[in-house]
Amino acid sequence: MKRLLLALLLSALCLSFLPGTALGEDEPEREVHTSGHWEYVLREDGTAEITKYTGDVDELKIPSTLGGYSVTVIGERAFYGCRSLVDVILPDTVTTICDYAFFNCLNLAEVVVPESVLSIGGSAFSECHSLAKVTLSDGVLAIGDGAFSNCYSLTDVSLPYSVTQIGTNPFSGCSQLTTFTVSPDHPVLALVDGALINKRDKCLLCYPAGKTDTQYELPQGIETIETGAFSGCSRLVHITIPDSVAIPNGNPFAKCSGLSSFAVSPDHPSLAVIDGVLFSKPDKRLVSYPPEKTDTRYEIPQGIRIIGDGAFSCCEQLADITIPDSVTEIGRSAFASCGSLTGV
C-alpha cells in the first residue's frame, strides 16, 4: 500500500511540471517563409499563418497580407515573450488567434480583437501583466482556457453577444478584475451577483478575482462550478454552496489564498464539509482544503478514496498530511505550492 501511495504522490507532485506531449504521428513540417520581421507558413486554404515576429517595436500593425497571401491566423507562440510590444493592431483578415500567441508580452497594454476573429486560443494573452484594456468585437465565438489569465491590470471585460463557448476560466488570476459586462438577453451567458454564469449549463464559470467581498454565497440553481472558477480570489474568506451544486471534478477554489471555510447544508445531496474541508459524497473525494486554514497537520478521514486535482493547492501552512489506506487515487497537482509540506 505504501508503494502505491508513493507512486500516486510522485504523480501528483510531478505531473504539473511535465511539458505537454502529443500521442500519435507528428504533423508534417510546413515550409517557413520570411518577409522582413515576419515568419509565416501557408495553410491548406491558401492563406498565411504568422508563426513568429522577430522585430522589437512598441506599436505594431500586423499586416493583412504576407507574400501576397491573406493573413488569417496568428500562430501558436507567434509573439511569445515579445516584451517590446505596447500596442498591437490586428487586421480584419484574422479569424484565429492560437494558443499562447501573445503569451508573456509583459508590456502589452491594449488589444482590440476585430469582428473577423472567431476564436481566441488557450493562454493566448496569458501573463500580459500590463494589459489594461481588451475590446472583444461581436464575432468572437470561443475563448479558450486561461486566455487572459494573470493579466493583472485588467479591471473590466465586456463579453459580446456572439461568445457562446468559454473554456476553463479565461480570466483566472486577474487580480484587479472586478466587472464583467454581458447583454441581459445573451443566449448563453449571464451575470449573477457579479459572477459569470453559463445559464444553459447552469455552471458558474468565473468569479472576478478583483472583487473585494470576503464572503460569497453561490446562487441557488447553479448545478456545477467550472474548475478554477475562483482561481486567484485572494479576498474571499468564506463560501456558501447551495444544495443544487455538485462538483464532478477538479478544485474550483484552487489558489484562493485567503479562503478559510466552506458552508454546505448537512443534507446536501452531493457535498459535505468535515473539519472545514470540502468533500464530494458520490465518489468519496476530497475536493478542497481551504488554503488559509491554520492547522499545520491534517489527517484525511478513513473511507476517502480520491484526493482530487489541486485539492491542497497553495496550502502553505500545512506541514504534515496523513493519508489513509482507503485512498487509491491522487489527482494532478494535488499538493501544488504547499511550501511547508514536509511529510505525507
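Everything that follows concerns the structure shown earlier in this document.
Parameters and conventions
- Residues numbered from 1 in each chain as written.
- Predicted model: local features only at pLDDT ≥ 70, side-chain atom pairs only at ≥ 80, totals over all residues.
- Heavy atoms only, no water.
- Helix = DSSP H or I, 4+ residues; strand = E, 2+ residues; numbered from the N terminus.
- Buried < 20%, exposed > 50% of the residue type's maximum accessible area, 1.4 Å probe, protein only.
- Contact = heavy atoms within 4.5 Å.
- Areas by Shrake-Rupley, 256 points an atom, 1.4 Å probe, with all protein chains shown as cover.
- Lys, Arg positive; Asp, Glu negative; His and termini not counted.
- Charge placed at Lys NZ, Arg CZ, Asp CG, Glu CD.
- Polar contact = N/O pair within 3.5 Å; in protein donor to acceptor, adjacent residues only side chain to side chain.
- Pairing = 2+ DSSP bridges.
- Axes fitted to C-alpha atoms, helices over the stretch in contact; angles between N-to-C directions.
- Salt bridge = Lys/Arg side-chain N within 4 Å of Asp/Glu carboxyl O.
- Core = buried A, V, L, I, M, F, W, Y, C linked by side-chain atoms within 4.5 Å.
- Phe/Tyr/Trp six-rings, centres within 6.5 Å; stacked < 30°, edge-to-face > 60°.

Attention now moves to the overall build of the protein. On a plain count of helices and strands, the protein comes out with 1 helix and 29 strands. If you line up the protein on its principal axes, its C-alpha atoms span 65 × 50 × 30 Å. Residue burial in the protein is summarised as follows: out of 344 residues, 49% are buried. Of the contacts formed within the protein by residues at least 6 apart in sequence, a portion of 35% connects residues at least 24 apart. Summed over its atoms, the accessible surface of the protein is roughly 15,900 Å², and 49% of this surface lies on carbon and sulfur atoms. The averaged location of the 41 negative side-chain charges in the protein is 6 Å from the averaged location of its 22 positive side-chain charges.

On to the side chain of R285. Structurally, R285 can be placed in strand β25 (residues 285-288). Side-chain polar atoms of R285 contact the side chain of D283, separated by 2.8 Å. Once residues within four sequence positions are removed from consideration, R285 is found in contact with I247, P248, N249, G250, L278, F279, S280, I306 and G308.

For the rest of this paragraph, the subject is the sheet that holds strand β16 (residues 189-192). With mixed pairing, 4 strands are arranged side by side in an open sheet as β16-β17-β18-β20. Of all strands in the sheet, those bounded by a partner on one side alone are β16 and β20 (224-225). Alignment of strand β17 (residues 195-198) against strand β18 (residues 203-206), held across 3 bridges, turns out to be antiparallel. When the bridges of β18 are listed, I197 appears paired with L204.

Glancing now at the sheet that holds strand β19 (residues 215-217). Taken in spatial order, the 3 strands line up as β19-β21-β22 in an open sheet, and their pairing is parallel. A strand with exactly one partner marks an edge of an open sheet, and here the two such strands are β19 and β22 (261-263). The mean angle between the axes of side-by-side strands here comes to 15°, regardless of whether they run parallel or antiparallel. The pairing of β19 with strand β21 (residues 238-240) spans 3 bridges and is parallel. Within β21, the position partnered with Y216 by the bridge is I239.

The full count for this structure, using the stated rule, is 8 salt bridges. Here D283 makes a salt bridge to R285, at a shortest N to O gap of 2.8 Å. The two residues D283 and R285 agree in class, both being buried. Two residues, K293 and D295, come together in a salt bridge whose shortest N-O distance is 2.5 Å. For K293, a relative accessible area of 13% corresponds to the buried category. What emerges from the salt-bridge pattern is a single network uniting R30, R43 and E49.

Glancing now at the nonpolar core. Judged by nonpolar contacts, the single largest core of 53 residues is most densely connected at F79, F102, I120, F125, F148 and L159. Mapped onto this core, the elements with two or more residues apiece are β2 (38-42), β3 (48-53), β6 (69-74), β9 (110-113), β11 (133-136), β13 (156-159), β15 (179-182) and β18. The contact partners of I120, leaving out residues within four places of it in the chain, are I97, V113, F125, L136, V140, A142, I143, G144, A147 and F148. Listed in part, the 25 residues of the second largest apolar core include Y207, I225, I239 and I247.

Applying the stated criterion across every chain yields a total of 19 aromatic pairs. A centroid spacing of 4.8 Å and a plane angle of 45° characterise the contact between W38 and Y53, whose relative ring orientation is tilted. Taken together, the positions of W38 in strand β2 and Y53 in strand β3 put the pair 15 residues apart, joining distant regions of the chain. Take W38: its relative accessible area is 10%, and that puts it in the buried class.

Another point: unusual backbone geometry. At E127, a residue that is not glycine, the phi angle is positive and equals roughly 65°. At D193, a position not held by glycine, the phi torsion is positive, near 50°. By the secondary structure assignment, D193 is in the loop between β16 and β17. For D193, a relative accessible area of 56% gives the class exposed.

With that settled, the discussion passes to the pairing of β11. Side chains of β11 alternate between two faces, with V134 and L136 buried and K133 and T135 left unburied. Pairing of β9 with β11 involves 4 bridges; the strand directions are parallel. Its bridge partner lying in β11, V113 is registered against L136.

With respect to the helices, strands and loops of the structure, R77 is situated in the loop between β6 and β7 (87-89). Residues contacting R77, with those up to four places away along its chain left out, are T51, D99, Y100 and A101.

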